[in-house]
Amino acid sequence: MNTTTAEPLNAWYETSARELPWREPGTTGWGVLVSETMLQQTPVRRVEPVWWEWMRRWPRPSDLAAASQAEVLRAWGKLGYPRRALRLHQAAEAIAAEHDDVVPSDVDTLLGLPGIGTYTARAVAAFAYGRRAPVVDTNVRRVVARAVHGAGDAGPPSPNRDLADVEALLPDDDAKAAKLSAAIMELGQTVCTARAPGCDLCPIAHDCAWLAAGCPEYAGPPKKVQRFAGTDRQVRGKLLDVLRGASGPVERADLDRAWSEAGQRDRCLDSLLVDGLVEQTEDGRFALPGEH
Ligand code: SF4
């Protein structure tokens, strides 16, 4: 894979990409920012209904900025990693106050917003505004590892090298580069998947280093396997579920029922308090932020 693969990959994207609501023409930078934030670590099918609901309730950054943190956390529902919701709220406040309620289009300004990191800034610049920006996520890293480097999978992330790898593939033209960023990601999500790459259907199979090398096994450092059951992440989710399901502060005993192992439960509750996702009332009860 090299710069000449942009054309077949972009042509494939035009005919084969999934129709997703945030890809519809006319979607604002705000709509793309919300979708990209939600899509980090949460699958499309779970994001879609929540995204629609957010766009209906909060069509502009100033609408979200005017909502309370508790409302935002409730509306985040079960998307997971709820700190993302609070970060989006902070970004909305800054966009409303400092950028005339319009999501900025250049990467550096986006990076200056609270809670917007390397991935999101570049994804918004490329997908919302058609700018040339290397966008790197797990799927993109896997495609590049295979098609460019001939490895069965990507090793541990190396942000500068990963960005440089993708940057080197992008055409100079903004629109073509932005489309290629979306196309590489889509290929990784739908064809060049981790477990069963569909090389027969792949538009760049003729140019794939891994396929040409006979699909050698991944030989890099072992990858971290993410489990969920029994993790602090699961316990934090259960504690937040109790608060989302209540109309106001709850007693400690209500939270204790959510998870039986006291040490882990206490540690998770502490971390939620430190992260600002939960607050304690003066009389010792617990609530979503601002809801007491
Ligand atoms: S040919 Fe196979 S391994 Fe190579 S990029 Fe396409 S799907 Fe991935």
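As the structure is a prediction and not an experimental result, all values here were calculated from the model. (Residues numbered from 1 in each chain as written. Predicted model: local features only at pLDDT ≥ 70, side-chain atom pairs only at ≥ 80, totals over all residues. Heavy atoms only, no water.)

1. Describing the nonpolar core
Where a protein is soluble and globular, its nonpolar side chains tend to be buried together.
And step 1. If you look at the biggest cluster of nonpolar residues, it comprises 86 residues, and the most contacted ones within it are Leu 9, Trp 30, Met 38, Trp 54 and Leu 187.
And step 2. In this view, Trp 54 contacts Val 34, Met 38, Pro 59, Leu 64, Val 72, Ala 75, Trp 76 and Leu 88; residues no more than four positions away in its chain are not counted. (Core = buried A, V, L, I, M, F, W, Y, C linked by side-chain atoms within 4.5 Å. Buried < 20%, exposed > 50% of the residue type's maximum accessible area, 1.4 Å probe, protein only. Contact = heavy atoms within 4.5 Å.)

2. Some thoughts on the environment of Leu 170
And step 1. In this structure, Leu 170 sits in the loop between helix H10 (159–167) and helix H11 (174–190).
And step 2. Looking at Leu 170, the relative accessible area reads 4%, which means it is buried.
And step 3. Excluding residues that lie within four positions of it along the chain, Leu 170 makes contacts with Arg 132, Ala 133, Pro 134, Ala 177, Leu 180 and Ser 181. (Helix = DSSP H or I, 4+ residues; strand = E, 2+ residues; numbered from the N terminus.)

3. Section: empty space enclosed by the protein
And step 1. Counted by the stated rule, this structure contains one cavity of 30 Å³ or more.
And step 2. A volume near 110 Å³ is recorded for the largest cavity.
And step 3. In terms of lining residues, the largest cavity is bounded by 15 residues, among which Leu 187, Cys 192, Cys 199, Cys 202 and Cys 208 are the most central.
And step 4. At the level of elements, helix H9 (138–147) and helix H12 (209–212) are the ones that each hand at least two residues to the lining of the largest cavity.
And step 5. Counting residues per element, the lining of the largest cavity draws most heavily on H9, which supplies three residues.
And step 6. Tallied by class, the residues present in the lining of the largest cavity amount to 13 nonpolar, one polar and one charged. (1 Å grid on protein atoms, 1.4 Å probe; cavity = no way out; pocket = protein on both sides within 12 Å on 5 of 7 lines; lining within 4 Å. Points joined across faces, edges and corners; volume = space filled by probe spheres on them. Nonpolar A, V, L, I, M, F, W, Y, C, P; charged D, E, K, R; others polar.)

4. Observations regarding the site of the ligand
And step 1. The environment of the ligand is made up of Arg 146, Cys 192, Cys 199, Cys 202, Ala 205, Cys 208, Trp 210 and Leu 211.
And step 2. Of all the cavities here, the one that holds the ligand is the largest cavity.
And step 3. Residues belonging to the shell around the ligand are distributed by class as follows: seven nonpolar, no polar and one charged. (Near = heavy atom within 4 Å. Sits in = over half its atoms within 2 Å of the grid points.)

This is a description of form; function is not addressed.
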